[in-house]
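# Chain and residue survey
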Amino acid sequence: MRDLDVLVLGGGAAGLMCGIEAAKRGRKVMVIDHAKRPADKIRISGGGRCNFTNLHCTPANFLSQNPRFCVSALKRYTQHDFLALVDQHRIAWHEKTLGQLFCDESAKDIIRMLLDELERAGGKLQLETDIKAVEKPDDRFSVSTSKGPLRTQSLVIATGGPSIPKMGATGFGYDLAKQFGLKVIAPRAALVPLTFSDANKDLCGRLAGVSLDANVSFQKTTFREGLLFTHRGLSGPSILQISSYWEEGKPISVNLVPEADVFDVLKTARHEVPRQDLKTALGSLLPNRLADELAEVYKLKGRLADQSDKVLRRAGEQMNRWQLTPVGTEGYRTAEVTLGGIDTRELSSKTMEASKVSGLYFIGEVVDVTGHLGGFNFQWAWSSGHAAGQVV
Ligand code: FDA
C-alpha cells in the first residue's frame, strides 16, 4: 500500500499542472493515467503545435451554467503566467491570430516542459495504470489500481471529458462524482462540426472543400471566423465555436458576406452593369463554386437588369442571413471538448474542492467550464490545476 499526500487521476494538461504545483510545495505527489503516454491531447492539439493559451483570455471566453465560477482561478494563474513558464523553458512560440499562441516547433515541447517541471519538483508519474475502485472509508481515500492499492489524503480528478474516446477519453470523472453524491451537468460534444440532412447535406457535399470567412450566429451569439463545407455538413472555426451554443432543433444563421449588404451591392450593380448575369455578380462576393451552387439552388438566374427588387432582396437574404437547421453534430468522435460536467455549484471556485467531500478535487475539462476555440481550454486546465495545486 503506497501512502501519498496527493493522488492525481489523469496525466493530461490539468493533472500535470496540479501535480507540479503540489510537489513544489513539498507534498508527496503521484499522477496516474491509464494511457501509455501522458497528455496525448496536448500532443495532437493545434495541429501538432499546441495552441497553449490565448493572450486575450477573460472569463467571457468560457461557457458554464455558473459563468462566474472560472473568474478566481483564471485571475490567479493567467495566460501571462503560463507564457512566462514557456519562456523560462525557452520554447519558441508565435501568435497565429486573435491572440492564439502556438509552439513554433512542436506540442511535444509543452509536454516535455510539464514532465521536467514535475520531475524537478519531485512528483511521480505512473502510466498504464487502470483505476479499479475509489473509496473513502475514513479521512483518506483508498484507490485500487491495476498496479496495486494507493492511499491518499487529497484526491484530484483530472480525467477530462469523453471527447475523442479513441484517444482514451472516458466519462470516469462523472461516474466518480455521482458515486460521491455530486451533481453532473449533462455532458455533450462541443467545438464540433455540425451535420445536416436532406438538401442541405447534399449541398454541403457538393461544396466540400470550399472555405470562406463568415459570420455564424445562434440567437445572440456570433463568431466571425473561417467556415468550411464538408461531406457531412459544416466545419471550420466559426462553426466549431457556434456548436458550443447551438440547441437541437433550432436554426443557425450564416452570413456568407459579412463585409457587405448583398441586396445593396446587387442593386448598385443592376444600375452600373445591367447586362451582367446575377450569378456573375454573386461570384464577385463569394467563392465561385459557392456562388454557382447557391444560384442554382435558389434559382437566381438571368441578367441583373431583369431582376426585381424582390428577387435581389431574396438573394441578399440568402447570402447575409442564410438560415439552416443542423440535425446534429459529429459527436464525441471529433469534438475538441465536452460541454457540461461536474456542476460547479458543488465545488469551491478558489480551490476546486468538493464542498460535500473534503479532500476531493475536480480540475480541467471534467468540470462544467468550457472554453471557446483558441487556447482557452488549455488555459482553464492550467488555471484550475494551479488553483488546486496550491491547497491539496
Ligand atoms: P485531458 O483529456 O487532457 O487529460 C485527461 C487524462 O486523463 C488523459 O491523459 C487520459 O488518458 C486520462 N484518463 C481519462 N480517463 C481515465 C481513466 N478512467 N483512468 C485513468 N486515466 C484516465 N485546447 C486548447 O486550448 N488549444 C488547442 O489547440 C486544443 N486543441 C485540441 C485538439 C483536439 C483534437 C482535441 C481533442 C482537443 C483540443 N483542445 C485544445 C482541448 C484540450 O485538449 C482539452 O481541453 C484539455 O486537454 C483538457 O485537459 P484535461 O487535463 O482536463 O483533460
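Just so it is clear, the model here is predicted, and its values are computed rather than measured. (Residues numbered from 1 in each chain as written. Predicted model: local features only at pLDDT ≥ 70, side-chain atom pairs only at ≥ 80, totals over all residues. Heavy atoms only, no water.)

### Some points on a positive patch on the surface
This is how it is decided: Here a patch means residues that are over 30% exposed by relative accessible area and free of salt bridges, tied together within 9 Å if like-charged and within 5 Å if nonpolar (Val, Leu, Ile, Met, Phe, Trp, Tyr). Per-residue and other accessible areas were derived by the Shrake-Rupley procedure at a 1.4 Å probe size, with only the shown protein chains allowed to occlude residues. A pair is scored as a salt bridge if a Lys or Arg side-chain nitrogen falls within 4 Å of a carboxyl oxygen belonging to Asp or Glu. Only four residue types enter the tally: Lys and Arg on the positive side, Asp and Glu on the negative side; His and the chain ends are excluded. Lysine's charge is taken at NZ, arginine's at CZ, aspartate's at CG and glutamate's at CD. Helix and strand definitions follow DSSP, with helices as H or I runs of at least four residues and strands as E runs of at least two, each counted in order from the N terminus. Relative accessibility thresholds used throughout: buried, under 20% of the residue-type maximum; exposed, over 50%; partly exposed, between the two (1.4 Å probe, protein chains only).
A cluster of basic side chains, namely Lys279, Lys299, Lys301, Lys310 and Arg314, defines a positive patch on the protein surface. Considering the arrangement of structural elements, one finds lysine 310 in helix α12 (residues 309–320). Owing to a relative accessible area of 68%, lysine 310 belongs among the exposed residues under this scheme.

### Thoughts on helix α1 (residues 13–24)
What counts, and what does not: Helix span, expected: 1.5 Å multiplied by one less than the number of residues in the helix.
Helix length check: α1 (12 residues) gives 17 Å between terminal C-alpha atoms against 16 Å at 1.5 Å per residue, within 8%. Of all 12 residues in α1, 11 are buried, a share of seventy percent or more. Listing the buried residues of α1 in full gives Ala13, Ala14, Gly15, Leu16, Met17, Cys18, Gly19, Ile20, Glu21, Ala22 and Ala23. Glycine 26 occupies a position one or two residues after α1 and carries a positive phi of about 85°.

### Some details on the sheet that holds strand β12 (residues 194–195)
So the rule is basically this: Two strands pair under a simple rule: DSSP has to find at least two bridges between them. Whether two residues are in contact is decided by their heavy atoms: any pair within 4.5 Å suffices. In this analysis, axes come from line fits to C-alpha atoms, helices being fitted only over the stretch in contact, and the angle between any two N-to-C directions falls in the range 0 to 180 degrees.
With antiparallel pairing, seven strands are arranged side by side in an open sheet as β17-β16-β13-β14-β15-β12-β18. Across the chains shown, the open sheet's two edge strands, defined by having one partner strand only, are β17 (322–324) and β18 (328–329). In terms of strand pairing, strand β13 (residues 211–218) meets strand β14 (residues 221–229) through eight bridges, oriented antiparallel. From the neighbouring strand, asparagine 215 faces β14, where its bridge partner is arginine 224. Contacting β14, β15 (233–235) and β17, helix α7 (residues 198–206) crosses the sheet at an angle of about 120° to β17.

### Observations regarding the site of the ligand
What counts is decided by this rule: Nearness is defined per residue: one heavy atom within 4 Å of the molecule or strand is enough. Any pair of nitrogen or oxygen atoms within 3.5 Å is treated as a polar contact; in protein, a donor-acceptor pairing is required on top of that, and neighbouring residues in sequence qualify only through side-chain atoms on both sides.
By nearness alone, 30 residues border the ligand, and Ala14, Asp33, Thr170, Glu365 and Phe378 come closest of all. Contact distances for the ligand include 2.8 Å between an oxygen atom and a backbone N or O atom of glutamate 365. Compared with its free state, where it exposes 990 Å², the ligand has 92% of that area covered by protein. Among the secondary structure elements, those contributing two or more residues to the shell around the ligand are α1, α2 (40–48) and α13 (376–389).

### A word on the packing of aromatic side chains
As a reminder, the rule being used: Only Phe, Tyr and Trp rings are paired, with Trp represented by its six-membered ring, and only when their centres lie within 6.5 Å; those with planes under 30 degrees apart are stacked, over 60 edge-to-face, the remainder tilted.
One pass over the structure, following the stated rule, counts eight aromatic pairs. Consider the rings of phenylalanine 52 and phenylalanine 82, whose centres lie 5.9 Å apart with planes at 50°: the pair is tilted. Within this pair, whereas phenylalanine 52 is found in strand β3 (residues 51–54), its partner phenylalanine 82 is found in helix α4 (residues 79–88), the two being separated by 30 residues in sequence. Residue phenylalanine 82 is classed as buried on the basis of its relative accessible area, which comes to 0%. On the basis of an interplanar angle of 20° and a centroid distance of 5.6 Å, the ring pair of phenylalanine 378 and tryptophan 382 is categorised as stacked. You can see phenylalanine 378 and its partner tryptophan 382 sitting in helix α13, four residues apart, about one turn around the helix.

### Some points on the pattern of salt bridges
According to the stated counting rule, one finds 19 salt bridges in the structure shown. Residue arginine 321 pairs with glutamate 317 through a salt bridge whose shortest N-O separation is 2.9 Å. On the accessibility criterion, glutamate 317 (35% relative accessible area) is partly exposed. With a shortest N-O distance of 3.6 Å, glutamate 330 and arginine 333 are connected by a salt bridge.

### Description of α12
Since there are 3.6 residues in each turn of an α-helix, residues three or four apart along the chain are aligned in direction. Under the 1.5 Å per step criterion, the end-to-end length of α12 is 16 Å for 12 residues, consistent within 8% with the ideal 16 Å. Taken together, the buried positions of α12 are Leu312, Ala315, Gly316, Gln318, Met319 and Asn320. Tucked inside the fold, the buried residues of α12 contact β16 (252–255), α9 (262–272), α10 (278–283), α11 (288–297) and β17.

### Topic: the sheet that holds strand β6 (residues 100–103)
If you trace the three strands from one edge of the open sheet to the other, you get β3-β6-β5, paired in antiparallel fashion. Looking at strand neighbours, the two that pair on one side only are β3 and β5 (93–95), the edges of this open sheet. Looking at each pair of strands side by side, their axes are set apart by 30° on average, direction ignored.

Remember, this is a structural readout, not a statement about activity or role.
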